[in-house]
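Architecture and fold: a report
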Amino acid sequence: MEEMSRWPIFDPHSHIDPRRPAARNFDEVLGYHYYTELAHASGMPTERVDSALDPRTRAQNLAEHLSAVDNTVQYSWLVEIARTFHQFPHDRITPANVGGLFDKALHENDGPSWDLHVWKQSRLEAVFLTNEFDDDLEGWDASAYIPCLRTDDLVLKLHEPRTVERLRRTTNVDVIDLASLRQAITVLFDRFTKKGARACAISLPPDFVPHRAAPRRAVTPVRRAIQGLDLRPDEHSEIRATVFWMLAEHCAEFKLPFDLMIGPIRNVYPAGVAGGRDLFDRRVSLYDYRDLFNHFASVVFPVSTLSPDAGAELVAYSWIFPNVLPMGHWWYSNVPAFIAADLKARIQALPKVKLLGYYSDAYKLEFILPKFNMYRRILAETLAGEAIGKQGWTIDRALELARLVLLDNPRRVFGMKPQGSRS
Amino acid sequence: MEEMSRWPIFDPHSHIDPRRPAARNFDEVLGYHYYTELAHASGMPTERVDSALDPRTRAQNLAEHLSAVDNTVQYSWLVEIARTFHQFPHDRITPANVGGLFDKALHENDGPSWDLHVWKQSRLEAVFLTNEFDDDLEGWDASAYIPCLRTDDLVLKLHEPRTVERLRRTTNVDVIDLASLRQAITVLFDRFTKKGARACAISLPPDFVPHRAAPRRAVTPVRRAIQGLDLRPDEHSEIRATVFWMLAEHCAEFKLPFDLMIGPIRNVYPAGVAGGRDLFDRRVSLYDYRDLFNHFASVVFPVSTLSPDAGAELVAYSWIFPNVLPMGHWWYSNVPAFIAADLKARIQALPKVKLLGYYSDAYKLEFILPKFNMYRRILAETLAGEAIGKQGWTIDRALELARLVLLDNPRRVFGMKPQGSRS
Amino acid sequence: MEEMSRWPIFDPHSHIDPRRPAARNFDEVLGYHYYTELAHASGMPTERVDSALDPRTRAQNLAEHLSAVDNTVQYSWLVEIARTFHQFPHDRITPANVGGLFDKALHENDGPSWDLHVWKQSRLEAVFLTNEFDDDLEGWDASAYIPCLRTDDLVLKLHEPRTVERLRRTTNVDVIDLASLRQAITVLFDRFTKKGARACAISLPPDFVPHRAAPRRAVTPVRRAIQGLDLRPDEHSEIRATVFWMLAEHCAEFKLPFDLMIGPIRNVYPAGVAGGRDLFDRRVSLYDYRDLFNHFASVVFPVSTLSPDAGAELVAYSWIFPNVLPMGHWWYSNVPAFIAADLKARIQALPKVKLLGYYSDAYKLEFILPKFNMYRRILAETLAGEAIGKQGWTIDRALELARLVLLDNPRRVFGMKPQGSRS
Ligand SMILES: [Zn+2]
Ligand SMILES: [Zn+2]
Ligand SMILES: [Zn+2]
C-alpha cells in the first residue's frame, strides 16, 4: 500500500512563497505557527520566539519547549523533515541537538538549488499558492507554483482605506463605487487567469451568510465603505455579501473553482504568537450557503470546514449539490483522528469523482511531504480496513480510488480546462 | 456471528407501496433517489433520468454514470440486490451489462409472485409503511405490511387548501375550525388503528419547536389557515405546534408510538432530482423537545436525527427519558461510519431494552435485505470488537443483545399491546 | 500495558463525602444516579427506589430492573465493584443474588476501616471533593480528601434568599451589596485555601456567556438580588456574569485552578429520579468564553464539556489558549466511544503537558477504581493503536505519556505550588 508514497504530490492549497519556497534555515521550519503556538500554549512566553531575535537563537529557544509537544502529530512532521531532508539521526529534537540540526539545515547560500532538491525529493507536481489580489505574480514558474487569488481582504476589509488603495494601484481602476469596484475585480480575475491562476479562495467567519446581491441595497454602503466612512453592522454585512457574490460571479465567468474555507474567527486570542490567534465557533452550518450553491450551479466550490464536528454535514451537502466538493482537512481539523473519521464517511457515501484528498496549507516546501504522508497513511489504513477488509475490494481497486482522491480529481478540478462540463 | 443473517427482518419504517412492493423492473431499483442524486451530484444532468423516458432507457442512462459512485455503500446495496435476486454474476453494474440485468430483473407479468419471492428470500417478518392520512388502507395484508400514519402534511401544510380538502373527504368531517379539526384527526386515528396501524410518524424541520398547545391562542390562526387566508410567520408556527400537539394527544389516547424524524429541510436544492433536494441545518437540539417528552410520558417516541453529529445528544436523551428511544440510522446518517460510531455509544450507554436497531426507509422490497445486512454487519463488528473483545462477553450474550436490538425490542415497541406499561 | 493498574490514582473531581467516603451498604452503590436513572429510563417507576424505603428493599427492587441495562458500561462498574470489593463470584447482579451481595457489602459497623480498605485497594492518592461554600471543611484528612470550592449556588442562585443567608452565616460578612458580596467571597477563598483547597469549580448552563464585569451596571441588580426582589432576565444575566467574574478574579488572586464544567441544564426531566433530571443543549461553543480566557491569563481553566460532540472544539481551544486545559470525560460524555474519540484527538494534537486524564465524579469511593480502570484501558488501547502501532513509539515512551496524563499533570496543575508560572 505504500505504493502511494511513490506518487507525485498535487497540492491545491498552500501559503508557499514561490520566490523563496523552501526554508533557508531550520528557524523557518520551527517558526511554523503550529510549533510556536503549541509551545506557547504549553507555557512558552511569546518573547522567546520574537521576530527580532536571530534565527539560531530563536530555534534554540523553541527547542527548549519542544519536549512538551513531542507527542503531537505536528511534532512528527518536524522530525520527519529533519530526518528526510537533513539526515537528522535522532528521534526527538532537543536543546542539545538542535544546534547541529540548524547547521545541517542552513541553505542561505544555495537557496534555489535547495528549493529544487526539496521539490524533487518530495515528488511535487504542483503547489497552489495564496496570492494577495495585488501580487504581481511575477518571478516564478507558474506551471509549478500555481497562482490562486485570495480574496479575504476584498470581502472582509473593503472598509479599510488600505484595501481600496491597493486595489486602485494594482488595477489602475479608479474605484469609487459599486460599478468601478466590479471593474477592478474583473481586471484582477483577468490578470490572475492570464497568469495561470486556477482557483479563487477565501476564508469566511462562521457568522457569514452569503446572499444574493441586491445592487440597489448595496450601492450606498459600498460607496461609503470606499470613502472610508463609518458603517453600521448591517452595512458591513451588506458589503461583505455583495463583494462575495461579485467574486462568485467572476468565478463563473472565468471558470475558476472558488475554495471556501469556512470557520475561522480572527484574533480570538490576541496575546498569542503570530498565526496562533484565530479560532472558531462550532455553531455553523452549510445551510447558510444554500443560495450560493443554488445560484452558481456552474461554479465548483471545494469546501473546507474548520470545526471538526462540521465534517458530517459537508458529506451531506457534497452528496446532493453537484458543485460542492469536500476539500482537504485543515488546521484544527487536520488531526488524524478527525481526518480518519471524515475520510471514512466520505469514501462510503460520496461519489469517488468528487473526493479531493488533501492540501498542505504549508508555508515552507519541506512540510508538504510529511503532511501528505500523514494523509496517505490514513487513506491507506482506511482503504485497507474498510474497502479491502470489509467490502472485499482488491488492492488494485483500492489504489485506483486512492489515485482519484490524491491525483486525478484535484488535477481535473483545478485544471485549466473549463469546469462547466462536470461536477 | 453471521447467524444474524438467518433471522427474520422486522422493518419499522419504509416507503414501500404494499400494492406493488417489489420492483417490477430494474429501473425501479435504479430509480431510488440515492442513485439518481449521487449520479447527478457527480455530473449527470437530471434529464437523463426524466420520468418520461422508458424504463430501459433510463436504466441504461443511469448505468453510464454509476462508475462515478461505485465506491459508495449505496452502490454496494445495488450490487447485492443484483447478485442476490437476479443472479447477476459481476462485481459492478456497467453500461455493457445493465441490459442483461434489466432483462433478468423484469417482473411486469409476475408481480405478486415476485413480491412473495423477495419477501421470502429476505426473510421479512413485518414491513411498516408510510401512509398518507387519506390512504384508504385497503388492498393488502396488514399483518405483513403494517400501516403507519404519516402526518407531515397535517402539521406542515394545513394552510394549503388541498390538505383541508383531503381531510374533509377522507373523514367526512366538515373541518372548519380547531374543534372540527380535532374531530377529523380522531376519525383518522380511529380508522388507522382499526386497520392495524402501529405507529404515527412525522418528519420535522430543525427549527420546529414543539410546545404545549394553547387552544385560545391557536383558535384564530387555525381557522384562518383552514380558510386559506394569509398567515404571519408566528401564526404558521402556532398552527404547526397546535396540530403536532394534537397528534401527540391522539398517540397517547390510541397508544401508538410517535416516530419523530428530526432534521430535514425540504427543497434546499430545487434543481436536484426527485427525492434529492432535501438537506438539513446541523444546529438542532433535542432540548427543544423537552416539553413534549415531559408532557406525554405515556407516549413512546422513537427518535431519528438527520444530522449525523446530533447522534450523541440522542444517546443522552434516551438515557434519561423513559419515553425516548433511539431509532435507526437514517438517510444522511445511514452511512457505516456514522452508524458504527453511534451504535457503539448506544450499546455502551443505553438500556438494551430501548435499542431499536434499524429501519430500511426503502421504497422497494429488494432494498430491505442489503440495508439490513449492512446494519447487521456493523452490529456484529461492534459486538465482536467492544462487547466480546473488550468486555469479555460470550458469543451467546452478544447474540442475545443483537436479537433484542433487531427483533425483540422493535416487536415489543411496535406491537399492538398497549404501550403504557413500559418505556 | 496493564502496568498502569499498579499506579496510584489521583482523582481531581468527585462528590465523595469525606466523612463517609465508602458505601456502608450496597444500596449506597446501587443508589448512584446512573443506575436509578437508567433503570427508570427503561421502565422502572421512581417509587421503587424511593428514599423512604429501607436500603435492602431498595437494592432488591433495583436489582429487578438491572437486567435491562446489563449491557452498559455503567453496569460494568457495578459488577467490578462487587467482584473487587465484595468477592462477588457472578457475572451479573440479579434479584436472586443481590441479597447475598448486600450481606457481604454491609459495613455499617466498621465504616472507617472499610473506607481505608477501599482507599488502599484502589491505590488512591488524592480525591478532590465538591464542597459547598458553607462547608466547614472540618473532620477529615485534607491531604487525602482535597477540598474544592463549588460555586454554582453563588453564581446561579444569588437571588434565592437562602443563598445570601448561608453566605452571611458562613463568612460573618453582612452581605448587602456588591462590595460586601466581594468581601464575603474573599473570606470564602481565604478559608478554603487555608484548609487546603486546590480548585474552585462550577457547572454552567449552555447559554451562560461570561463577560467582563461592569460594576456600575451590576451594582443595582446585585443589590436587588440580595434583597430578594424580583429580577428581569437581563438582570439575572448581569448578576451571574458579575459573580462569575468575581470568582475568576479570586482564582487569580488565590492561584486556584477554576474547573469549568460546561453544559448542564438542570431539571429538564422533572419526573426523573434524583440526580437523573438534567440534560443539555448541544448548541454551545467555547467561543462564548473568549473574554474570560483572555482576561484571566494567569488562571488555569480545566474545562469539561457535557455534550459529546463539543469535544473537538475543546481540543482547538486547548491548543491555542495556554490557560485552557482539557479535563476528564464527564457524565453523558463519559462513555468509552466518546472518550476514545476525544482522547485520540487530544493525544495527537495537544501538548502532552496539558492533558488532564480523568476524574471519577464519584459519590462513593468504590466507584473510583472501576471508572479509572475503564479510562486506563481506553488510554492503553489508544496508545497501543496510535502511538505504538502507527507512530512507532516504544512502550516506555507510551507509558511516559500515560503517566503524565494520569498523574504528573494533574498533580502539577492541582498542586499547591503557585500556578502562575505555567499553564
Ligand atoms: Zn491556508
Ligand atoms: Zn422515510
Ligand atoms: Zn461532578
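Residues numbered from 1 in each chain as written. Chains lettered and ligands numbered in written order. Predicted model: local features only at pLDDT ≥ 70, side-chain atom pairs only at ≥ 80, totals over all residues. Heavy atoms only, no water.

1. Points about the coordination of the zinc ion (ligand 3)
All names here are of chain C.
- Every protein donor of the zinc ion (ligand 3) is accounted for by His 13 (NE2), His 15 (NE2) and Asp 361 (OD), and the metal-donor separations fall at 2.0 to 2.2 Å.
- Of note, the zinc ion (ligand 3) draws all its donor residues from one chain, in the sequence arrangement H-x1-H-x345-D.
- A relative accessible area of 1% means that His 13 is categorised as buried. (Donors = N, O, S within 2.8 Å, 3.2 Å for Na, K, Ca; no water. Buried < 20%, exposed > 50% of the residue type's maximum accessible area, 1.4 Å probe, protein only.)

2. Considering the pattern of salt bridges
- Within the structure shown, the criterion is met by 116 salt bridges over all chains.
- Notably, a salt bridge pairs Asp 153 of chain B with Arg 166 of chain B, separated by 2.9 Å at the nearest N-O pair. Here Asp 153 of chain B is found in helix H7 (residues 152-156), whereas its partner Arg 166 of chain B is found in helix H8 (residues 161-171), with 13 residues between them in sequence. Note on accessibility: Asp 153 of chain B and Arg 166 of chain B belong to one class, buried.
- Note that Arg 19 of chain C is salt-bridged to Asp 135 of chain C, the shortest N-O span being 3.3 Å. In this pair, Arg 19 of chain C is assigned in the loop between strand E1 (9-11) and helix H1 (26-30) and Asp 135 of chain C in the loop between strand E2 (124-128) and strand E3 (145-146), connecting sequence segments 116 residues apart.
- Overall, Asp 135 of chain C belongs to the buried group, its relative accessible area being 17%.
- Within this structure, Arg 282 and Asp 309 of chain A, Arg 282 and Asp 309 of chain B together with Arg 282 and Asp 309 of chain C form a network of salt bridges that share partners. (Salt bridge = Lys/Arg side-chain N within 4 Å of Asp/Glu carboxyl O. Helix = DSSP H or I, 4+ residues; strand = E, 2+ residues; numbered from the N terminus.)

3. Brief notes about the sheet that holds E1 of chain C
All names here are of chain C.
- Taken together, the three strands give an open sheet; going across it, the order is E1-E2-E3, and neighbouring strands pair in parallel fashion. Looking at the sheet topology across the chains shown, the edges are occupied by E1 and E3.
- Summarising the sheet, E2 and E3 pair through two bridges and their orientation is parallel. Within E3, the position partnered with Val 127 by the bridge is Tyr 145.
- Along the sheet, helix H15 (residues 368-390) contacts E1 and E2; its crossing angle with E1, the most-contacted strand, is approximately 100°. (Pairing = 2+ DSSP bridges. Contact = heavy atoms within 4.5 Å. Axes fitted to C-alpha atoms, helices over the stretch in contact; angles between N-to-C directions.)

4. Topic: the coordination of the zinc ion (ligand 1)
Residue and element names in this part refer to chain A.
- Distances from the zinc ion (ligand 1) to its protein donors, His 13 (NE2), His 15 (NE2) and Asp 361 (OD), fall within 2.0 to 2.2 Å.
- Taken in sequence order, the residues that donate to the zinc ion (ligand 1) follow the motif H-x1-H-x345-D. Remark: Asp 361 occurs in the loop between helix H14 (336-349) and helix H15 (368-390) and His 15 occurs in the loop between strand E1 (9-11) and helix H1 (26-30); sequence separation between them is 346 residues.
- When its relative accessible area of 21% is taken as the criterion, His 15 is described as partly exposed.

5. Some points on the sheet that holds strand E2 (residues 124-128) of chain B
All names here are of chain B.
- Judged by pairing direction, the sheet is parallel, and its three strands sit side by side in the order E1-E2-E3 without closing on themselves. Pairing within the sheet leaves two strands with one partner each, and these edge strands are strand E1 (9-11) and strand E3 (145-146).
- Direction of pairing for E1 relative to E2: parallel, over a ladder of three bridges. Pairing of Asp 11 across the sheet is with Val 127, part of E2.

6. A look at the relation of the copies chain B and chain A
- Relative to chain A, chain B is turned by 120° and slid 0.0 Å along the rotation axis, the superposed coordinates differing by an RMSD of 0.0 Å. Considering both components of the superposition, the chain copies are consistent with a three-fold axis.
- A share of only 8% of interface residues in chain B that are also interface residues in chain A marks the association as one of differing surfaces. (Least-squares fit on C-alpha atoms with pLDDT ≥ 70 in both.)

7. Focus: the packing of helix H14 (residues 336-349) of chain B against helix H15 (residues 368-390) of chain B
All names here are of chain B.
- Put simply, H14 and H15 touch, their axes get as near as 10 Å, and they point 50° apart. Overall, the two elements H14 and H15 adopt an arrangement that is oblique. Like other packed secondary-structure pairs, H14 and H15 cross with a definite hand, here right-handed. Contacts between H14 and H15 involve Pro 336, Ile 339, Ala 340, Leu 343, Lys 344, Ile 347 and Gln 348 from the former and Met 374, Tyr 375, Ile 378, Leu 379, Thr 382, Leu 383 and Glu 386 from the latter. (Parallel < 35°, antiparallel > 145°, perpendicular 65-115°, else oblique. Left-handed = near helix turned anticlockwise from the far one by under 90°.)

8. Quick look at helix H10 (residues 215-226) of chain A
Residue and element names in this part refer to chain A.
- With 12 residues, H10 extends 15 Å between its outermost C-alpha atoms, agreeing within 8% with the 16 Å of an ideal straight helix rising 1.5 Å per residue.
- Taken as a whole, H10 has its buried residues at Ala 218, Pro 221, Val 222, Ala 225 and Ile 226. Down the axis of H10, the buried set is contained in an arc of 135°. They therefore lie on one face.
- Contact partners of the buried residues in H10: helix H8 (161-171), helix H9 (178-194) and helix H11 (233-254).
- Just downstream of H10 lies Gly 228, where phi reads positive at about 75°. (Expected span 1.5 Å × (residues − 1). Arc of directions from axis to C-beta.)

9. Overview of the nonpolar core
- Within the largest apolar cluster, 492 residues are counted, with the highest numbers of intra-cluster contacts made by Leu 260 of chain A, Leu 260 of chain B together with Leu 260 of chain C.
- Beyond its immediate chain neighbours, meaning those up to four positions away, Leu 260 of chain B contacts Ile 202, Leu 204, Phe 244, Tyr 289, Leu 292, Phe 293, Phe 301, Pro 302, Val 303 and Ser 304 of chain B. (Core = buried A, V, L, I, M, F, W, Y, C linked by side-chain atoms within 4.5 Å.)

10. Side note on the relation of the copies chain A and chain C
- For the pair chain A and chain C, the relating rotation is 120°, the translation along its axis is 0.0 Å, and the fit reaches an RMSD of 0.0 Å.
- The overlap is low: 8% of the interface residues of chain A also sit at the interface in chain C, so different surfaces are used on the two sides.

11. Some words on unusual backbone geometry
- The phi dihedral of Asp 361 of chain A falls on the positive side, at around 60°, and the residue is not glycine.
- Even without being glycine, Arg 123 of chain B reaches a positive phi, approximately 55°.
- As for its placement among the helices and strands, Arg 123 of chain B is situated in the loop between helix H6 (111-121) and E2.
- When its relative accessible area of 43% is taken as the criterion, Arg 123 of chain B is described as partly exposed.

12. Notes on the interface of chain B and chain A
- Counting residues at the interface gives 38 residues for chain B and 38 residues for chain A.
- Here chain B and chain A share an interface that buries about 3200 Å² over both sides, 59% of which is from carbon and sulfur atoms.
- Broken down residue by residue, the surface that chain B buries against chain A is led by Asn 71, Arg 282 and Arg 283 of chain B, which jointly contribute 21%.
- Summed over the shared surface of chain B and chain A, the number is five salt bridges.
- A salt bridge links Glu 400 of chain A to Arg 92 of chain B; the nearest nitrogen and oxygen atoms lie 3.7 Å apart.
- Contributions of two or more residues to the side of chain B that touches chain A are made by helix H2 (33-41), helix H4 (73-86), strand E8 (279-280) and H14 of chain B.
- The leading source of residues in the side of chain B that touches chain A is H2 of chain B, at five residues. (Buried area = accessible area lost by both parts, 1.4 Å probe.)

13. Overview of the packing of aromatic side chains
- Going through the model one piece at a time under the given rule, you end up with 84 aromatic pairs over all chains.
- Against the face of Trp 393 of chain B rests Arg 397 of chain B, its NZ or CZ located 4.4 Å from the ring centre. (Phe/Tyr/Trp six-rings, centres within 6.5 Å; stacked < 30°, edge-to-face > 60°. Lys NZ or Arg CZ within 6 Å of the ring centre and 35° of its normal.)

14. Overview of helix H6 (residues 111-121) of chain A
Residues and elements named next belong to chain A.
- Within H6, burial applies to Gly 111, Trp 114, Asp 115, Val 118 and Trp 119. The buried side chains of H6 occupy one side of the element, clustering within an arc of 140° when seen end-on. Those residues of H6 that are exposed and angled more than 90 degrees off the buried face are Pro 112 and Lys 120.
- Residues of H6 that are buried sit in contact with helix H4 (73-86), strand E2 (124-128) and strand E3 (145-146).
- In the stretch just after H6, Arg 123 is the one whose phi turns positive, near 55°.

15. What to know about the confidence of the model for chain A
- Per-chain confidence: chain A averages 96 in pLDDT, with 98% of residues scoring 70 or above.
- Here residues 418-423 of chain A is modelled with pLDDT under 50, and outside its nearest four sequence neighbours on either side it reaches 16 contacts, counting other chains as well. (pLDDT = per-residue confidence, 0-100.)

16. Remarks on the interface of chain A and chain C
- Contacts between the two partners involve 37 residues from chain A, matched on the other side by 39 residues from chain C.
- Counting each side, the surface lost to burial between chain A and chain C is near 3200 Å², with a carbon and sulfur contribution of 59%.
- Its largest share of buried area at the contact with chain C, chain A owes to Asn 71, Arg 282 and Arg 283 of chain A, together 21% of the area lost on that side.
- Residue Lys 352 of chain C pairs with Asp 70 of chain A through a salt bridge whose shortest N-O separation is 2.8 Å.
- Inspection of the region where chain A meets chain C yields 21 residue pairs in polar contact (both at pLDDT 80 or more).
- Broken down by element, the side of chain A that touches chain C gets its largest block of residues, five residues, from helix H2 (residues 33-41) of chain A. (Polar contact = N/O pair within 3.5 Å; in protein donor to acceptor, adjacent residues only side chain to side chain.)

17. Description of the pairing of strand E6 (residues 258-262) of chain C
Residue and element names in this part refer to chain C.
- With five of five residues buried, E6 is to be regarded as a mostly interior element.
- Neither face of E6 is left uncovered, since the one carrying Phe 258, Leu 260 and Ile 262 and the one carrying Asp 259 and Met 261 both have all their residues buried.
- Direction of pairing for strand E5 (residues 200-204) relative to E6: parallel, over a ladder of five bridges. In the strand pairing of E6, Ala 201 is matched with Asp 259.
- As paired elements, E6 and strand E9 (residues 301-305) share three bridges and run parallel to each other. Across the sheet, residue Ile 262 finds its bridge partner in E9, namely Thr 305.

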